[in-house]
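# Architecture and fold: a report
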Amino acid sequence: MKAESRLYRKILVPLEGTSHDASILNHVRELARQHGSELILIHIADGWSARFFGPESDSKEVREDREYLESCTEKLKREGIPATWRLGYGQPGPELVKAVRETQCDLVAMTTHGHRWMEDVLFGSASSEVRHSVDIPVLLLRTEKKRSSPAK
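## Some thoughts on the nonpolar core
Ile-11, Val-13, Leu-15, Leu-25, Val-28, Leu-39 and Leu-41 are the most contacted members of the largest nonpolar core, which totals 23 residues. Where this core is concerned, the elements lending two or more residues are β1 (10-14), α1 (21-35), β2 (38-45), α3 (60-78), β3 (83-89) and β4 (107-112). It is α1 that provides the largest number of residues to this core, a total of 5 residues. Leu-41 has contacts with Val-13, Leu-15, Leu-25, Leu-69, Cys-72, Thr-73, Leu-76, Thr-84, Trp-85 and Arg-86, leaving out every residue within four places of it along the chain. The next biggest cluster of nonpolar side chains, apart from the first, holds 14 residues, and it includes Ile-42, Ala-99, Val-108 and Val-134.

## Quick notes on the pattern of salt bridges
Enumeration over the complete set of coordinates arrives at 10 salt bridges. Between Asp-58 and Arg-63 there is a salt bridge, with the nearest N and O atoms lying 3.7 Å from each other. Salt-bridge contacts for Lys-60 lead to Glu-64; the nearest nitrogen and oxygen are separated by 3.1 Å. With Lys-60 and Glu-64 both in helix α3, this residue pair falls 4 residues apart, about one helical turn. The exposed category is assigned to Lys-60, whose relative accessible area is 56%. Connected through shared salt-bridge partners, Arg-29, Glu-30, Arg-33 and Glu-79 make up one network.

Cut-off values and rules
Residues numbered from 1 in each chain as written. Predicted model: local features only at pLDDT ≥ 70, side-chain atom pairs only at ≥ 80, totals over all residues. Heavy atoms only, no water. Core = buried A, V, L, I, M, F, W, Y, C linked by side-chain atoms within 4.5 Å. Buried < 20%, exposed > 50% of the residue type's maximum accessible area, 1.4 Å probe, protein only. Helix = DSSP H or I, 4+ residues; strand = E, 2+ residues; numbered from the N terminus. Contact = heavy atoms within 4.5 Å. Salt bridge = Lys/Arg side-chain N within 4 Å of Asp/Glu carboxyl O.

Laid out in structure tokens, this is it:
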């Protein structure tokens with residue numbers, strides 16, 4: 001496939017470091033194969049150390065975030081999918097918008113959990129900030145809620 005004919009050369013994939021990541025990774029894995037895309041995995045560390053020290057932070061949380069991103073990236077590479085990772089620091093929304101601009105990606109693919117009403121009202125949501133602040137497509141994949149088993 002010619003590079004200039006690819007629809008999505010670079011796909012930015014925000015990860016939370018939770019079980020919800022499997023949903024988006026499964027989806028973008030197929031997109032990357034179909035379009036010959038590079039996946040750029042990103043996680044935003046937002047603990048106290050990350051916010052205060054940024055890239056200089058070496059807290060346990062930040063070390064675990066790096067290890068998680070490296071592990072996900074290596075797995076994709078073993079599957080033949082070009083992948084890199086980056087770690088952002090601070091507020092997720094602005095950091096993701098910054099990453100879109102810096103990576104010059106063609107698509108952002110991220111999960112959303114639906115509305116958490118009060119939390120979204122007070123703090124906003126990263127997905128909302130991203131989709132209103134960038135001029136590239138944003139794919140929002142709603143993660144499935146675990147259903148409680150019916151009473152027997």
